[in-house]
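Chain and residue survey
Single-letter residue listing:
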There are 2 protein chains.
Amino acid sequence: MPADLSGIELRQLDTVVLTTRHVRRGEALFRTHDVFQSLYAVRTGSFKTIVMHRDGREQVIGFQIPGEPLGLDGVCSGTHSCEAIALEDSTVCIIPFAQFESLCRESRRMQRHLYYLMSSEIVRESSLMMMLGTMTAEQRLASFLLDLAARFRARGYSGAKFNLKMSREEIGCYLGLKLETVSRMFSRFHRDGLVEPKGKQIHIVDAQALARV
Amino acid sequence: MPADLSGIELRQLDTVVLTTRHVRRGEALFRTHDVFQSLYAVRTGSFKTIVMHRDGREQVIGFQIPGEPLGLDGVCSGTHSCEAIALEDSTVCIIPFAQFESLCRESRRMQRHLYYLMSSEIVRESSLMMMLGTMTAEQRLASFLLDLAARFRARGYSGAKFNLKMSREEIGCYLGLKLETVSRMFSRFHRDGLVEPKGKQIHIVDAQALARV
DNA sequence: CGCTTCTTTGAGAATACTCAAAGAGCGTGG
DNA sequence: CCACGCTCTTTGAGTATTCTCAAAGAAGCG
């Protein structure tokens, strides 16, 4: 997970990350109001995180792929404010927060890394709010695809071809759109030669044009 | 700022908060890409924080009233990812981050408080995304007013009557709506007897009904 | 291989937006 | 202190984007 830590710190982290956990497709790693005890890092598979309104409305607030952190929302109140659901059979590293906290007190770099993770999440959510607040349906889907592409690339996968494990409905729930609208936008991108969607398999043909949308 | 710190820690914090700064209405406390050096706490007045897209689009991601923190976005990259603009002549406490960080290494409670602040911001933004992604214009304005009311109450002001320092346009920019839509929703709430808006002075008449919207 | 779930597409409806103009409020300067 | 001008707010009318409802087609799973 931590790209900017030295070998020493990584070994220290290994002493804390004693266990991994398997989560089956559709199951929850944690739910809203669960007691917060650990941070997690996706090891294999993928997750969505959702917040639920009392009336049952859901908002997907993020998708996590291997290497990305989960659970930072729980630090402030001691209970989780969202829930993390596996999009496919997945495994996570468990990082017990109490132990991680001790490690942070010993290692300034580890401490900085935790700050980095939390602040990054704040910045990520800010740009998501920008998307939800100012963009058209077309722009939202374009920026979603480009963001995913960049993250896959950053983790060593192809940024041009990847598999969407989430449904159109989940994408819509993330982008503040209905599933039909998401589907129509995919069709439009396909018609315009920007993207080649074969079901869940996505091939980004013209990233430049996507960025200009 | 910190509600859960002891007298000792508050005195320690006082040694770090050496200076305050005045910011005139319309001026920036910090701008996007400014080097991050300090956290701030609003002392008097109020601010908006905005993120800017390259094409000039703006999204207001928060309004800050006295007692609330500013600048947490800068921790991860060392530069600010948003800008903070004063909505009226205001003052802030300056908390140099390097010194605050040292203090956190000495005091576990101070450390926890920083975690708390960052994680709270993550949770706050999550619920904002829920609003932007799932709510109608009417519901957005209602939840905005109730949120503000709760925050004023938490800081010891009246939750039923308060002054909106931000314009209809800024509210719209925060709620993902146009200023005309915001104005229409105010008119509707007025017509229905939920809110008594006298220009920028807001009187919440029926908070229960607002919550049911 | 059949059933269920997901996706696509169409048609019509609703919400929010755009453009426009009048009215109110605020700050500034005489 | 009042008047002027500017900005902000309100309201209306028409438009556009997205949503809703519906149905057919495709894909995935057991």
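You'll find chain A entered in an unreviewed UniProt entry as CRP/FNR family transcriptional regulator, with Paraburkholderia bannensis given as the organism.

1. Quick word on the overall build of chain A
Secondary structure assignment for chain A yields seven helices and 11 strands. Relative to the compact-globule value of 17 Å for 213 residues, chain A shows a C-alpha radius of gyration of 18 Å, a close match. Dimensions along the principal axes, computed over C-alpha positions, put chain A at roughly 55 × 40 × 30 Å. Burial analysis of chain A (213 residues in total) assigns 52% to the buried set. Counting contacts in chain A only where the partners sit at least 6 residues apart, residues at least 24 apart contribute 71% of the total. Surface summary for chain A: the accessible area is close to 9700 Å², and the carbon and sulfur share equals 50%. A distance of 3 Å separates the average location of the 28 positive side-chain charges in chain A from that of its 24 negative side-chain charges.

2. Looking at the domain arrangement of chain A
Often, the extent of an interface is quoted as the loss of accessible area upon association of its parts. Residues and elements named next belong to chain A. Examined at the domain level, chain A breaks down into domain 1 (7-131) and domain 2 (136-212). Taking the mean C-alpha position of each, domain 1 and domain 2 sit 24 Å from one another. Residue-level contacts link 18 residues of domain 1 with 14 residues of domain 2. Regarding the contact of domain 1 and domain 2, the summed buried area is about 1500 Å², with carbon and sulfur atoms giving 61% of it. Among the residues of domain 1 in contact with domain 2, Phe63, Ile65 and Met131 are the three that bury the most area, contributing 44% of the side total. Put simply, Glu88 and Lys165 hold a salt bridge, and the shortest N to O gap is 3.7 Å.

3. Observations regarding the relation of the copies chain B and chain A
With an axial shift of 0.0 Å and an RMSD of 0.0 Å, the rotation relating chain B to chain A amounts to 180°. Taken together, the rotation angle and the small translation identify this as a two-fold axis. When the interface residues of chain B are mapped onto chain A, 100% of them again lie at the interface, so the same face is used by both copies.

4. Description of the packing of aromatic side chains
The description of an aromatic ring pair uses the distance of the two centres, along with the angle that the planes make with each other. One pass over the full model with this rule turns up 16 aromatic pairs over all chains. On the numbers, 5.7 Å between centres and 70° between planes, the contact of Phe97 of chain A with Tyr115 of chain B is edge-to-face. One end of the pair, Phe97 of chain A, is in helix α2 (residues 97-106); the other, Tyr115 of chain B, is in helix α3 (residues 108-134), on a second chain. Comparing Phe97 of chain A with Tyr115 of chain B shows no difference in burial state: the two are buried.

5. A look at the pairing of strand β7 (residues 83-86) of chain A
Residues and elements named next belong to chain A. Neither face of β7 is left uncovered, since the one carrying Glu83 and Ile85 and the one carrying Ala84 and Ala86 both have all their residues buried. Bridge analysis of strand β2 (residues 28-30) against β7 gives two bridges, and the strand direction is antiparallel. Residue pairing for β7: Phe30 is matched across the bridge by Ala84.

6. Regarding the protein's contact with DNA strand C
Close to DNA strand C lie 16 residues; Arg168, Ser183 and Ser187 of chain A together with Ala137 and Thr181 of chain B are nearest. Sugar plus phosphate: this is where 57% of the atoms of DNA strand C within 4 Å of the protein reside. In the environment of DNA strand C, a phosphate oxygen lies 2.8 Å from a nitrogen or oxygen atom belonging to the side chain of Arg168 of chain A. Interatomic distance of 2.9 Å between a side-chain N/O atom of Arg184 of chain A and a base nitrogen of DNA strand C. Elements that contribute at least two residues to the surface near DNA strand C include exactly α6 (179-191) of chain A together with α6 (179-191) of chain B.

7. Focus: the interface of chain B and chain A
Of the residues lining the interface, 45 residues belong to chain B; the matching set on chain A comes to 45 residues. Counting each side, the surface lost to burial between chain B and chain A is near 4000 Å², with a carbon and sulfur contribution of 61%. Notably, a salt bridge pairs Glu101 of chain B with Arg112 of chain A, separated by 2.7 Å at the nearest N-O pair. Of all the elements in the fold, those that place two or more residues in the side of chain B that touches chain A are β4 (47-52), β5 (58-64), α2 (97-106) and α3 of chain B. Here the side of chain B that touches chain A takes 20 residues from α3 of chain B, the largest share from any one element. Taken together, the residues of the side of chain B that touches chain A break down into 21 nonpolar, 13 polar and 11 charged.

8. Observations regarding the sheet that holds strand β8 (residues 90-96) of chain B
Residue and element names in this part refer to chain B. Taken together, the four strands give an open sheet; going across it, the order is β1-β8-β3-β6, and neighbouring strands pair in antiparallel fashion. Every interior strand has two partners, whereas the edge strands, β1 (19-23) and β6 (69-70), have only one. Summarising the sheet, strand β3 (residues 38-44) and β6 pair through two bridges and their orientation is antiparallel. Paired with Tyr40 across the two strands is Leu70, which belongs to β6.

How each quantity is defined
Residues numbered from 1 in each chain as written. Chains lettered and ligands numbered in written order. Predicted model: local features only at pLDDT ≥ 70, side-chain atom pairs only at ≥ 80, totals over all residues. Heavy atoms only, no water. Helix = DSSP H or I, 4+ residues; strand = E, 2+ residues; numbered from the N terminus. Rg over C-alpha atoms; globule rule 2.2 N^0.38 Å. Buried < 20%, exposed > 50% of the residue type's maximum accessible area, 1.4 Å probe, protein only. Contact = heavy atoms within 4.5 Å. Areas by Shrake-Rupley, 256 points an atom, 1.4 Å probe, with all protein chains shown as cover. Lys, Arg positive; Asp, Glu negative; His and termini not counted. Charge placed at Lys NZ, Arg CZ, Asp CG, Glu CD. Domains from an automatic or database assignment. Buried area = accessible area lost by both parts, 1.4 Å probe. Salt bridge = Lys/Arg side-chain N within 4 Å of Asp/Glu carboxyl O. Least-squares fit on C-alpha atoms with pLDDT ≥ 70 in both. Phe/Tyr/Trp six-rings, centres within 6.5 Å; stacked < 30°, edge-to-face > 60°. Pairing = 2+ DSSP bridges. Near = heavy atom within 4 Å. Polar contact = N/O pair within 3.5 Å; in protein donor to acceptor, adjacent residues only side chain to side chain. Nonpolar A, V, L, I, M, F, W, Y, C, P; charged D, E, K, R; others polar.

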